[in-house]
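Topology and contacts: notes
The lines below spell out each chain.
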Amino acid sequence: MTSPAEIADRRTRVRQLAQTGASSRQIADQLGVGKDTVLRDLRQQDAAPQSQRDRLARRVAQAEEAVRQACAAAQAVTDARPAYAFTDDETAERWRRTLRAAAAQLDAVVGAFADYYPCATD
């Protein structure tokens, strides 16, 4: 997990590189992060300070959208039935590893509900 200090350092570096005229892709490659992270960091710098209520509402909206996207992605994978697709062994193994890693990440997220929302768990 990235610490607040690391995030602040990265945002400073993103701002510095952006001021030199570097593209988002160039910045992402140089810092070893995704282009979306760079764009998010640049937007964050432009955002005005928010109240705690606004920050919490924004976080809830982000979580809602992320859960919606994860469910849509899971449905798309289920519909595609990749285990039944005719492909080479290397691709099939890559898909299996990728899906297993994603499932493990989602399982950890689901497990966190027991810590924070015990009444919402089985």
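Residues numbered from 1 in each chain as written. Predicted model: local features only at pLDDT ≥ 70, side-chain atom pairs only at ≥ 80, totals over all residues. Heavy atoms only, no water.

Quick word on the pattern of salt bridges
Close approach of charged atoms lets side chains of opposite charge pair. The tally for this structure, following the rule as stated, stands at five salt bridges. Across the pair Glu 65 and Arg 68 runs a salt bridge, and its minimum N-O distance is 2.6 Å. One end of the pair is Glu 65 and the other is Arg 68, both in helix α4 (residues 52–80) and three residues apart, which spans about a single turn. A salt bridge links Glu 93 to Arg 97, with the shortest nitrogen-to-oxygen separation between them at 3.8 Å. Highlighted residues: Glu 93 and Arg 97, both in helix α5 (residues 89–116), separated by four residues, approximately one helical turn. A relative accessible area of 46% places Arg 97 in the partly exposed class. (Salt bridge = Lys/Arg side-chain N within 4 Å of Asp/Glu carboxyl O. Helix = DSSP H or I, 4+ residues; strand = E, 2+ residues; numbered from the N terminus. Buried < 20%, exposed > 50% of the residue type's maximum accessible area, 1.4 Å probe, protein only.)

Considering the layout of surface pockets
Size it by volume and the largest pocket reaches roughly 800 Å³. For the largest pocket, the lining is made up of 18 residues, of which Arg 59, Ala 63, Val 67, Val 109 and Phe 113 are closest to its centre. With 11 residues, the single largest contributor to the lining of the largest pocket is α4. Classifying every residue of the lining of the largest pocket by side-chain character gives 15 nonpolar, one polar and two charged. Within this model, the second largest pocket holds a volume of roughly 420 Å³. For the lining of the second largest pocket, the elements supplying multiple residues, two or more each, are α1 (4–19), α3 (35–46) and α4. Counting residues per element, the lining of the second largest pocket draws most heavily on α3, at four residues. Residues of the lining of the second largest pocket, tallied by class, amount to one nonpolar, four polar and six charged. (1 Å grid on protein atoms, 1.4 Å probe; cavity = no way out; pocket = protein on both sides within 12 Å on 5 of 7 lines; lining within 4 Å. Points joined across faces, edges and corners; volume = space filled by probe spheres on them. Nonpolar A, V, L, I, M, F, W, Y, C, P; charged D, E, K, R; others polar.)

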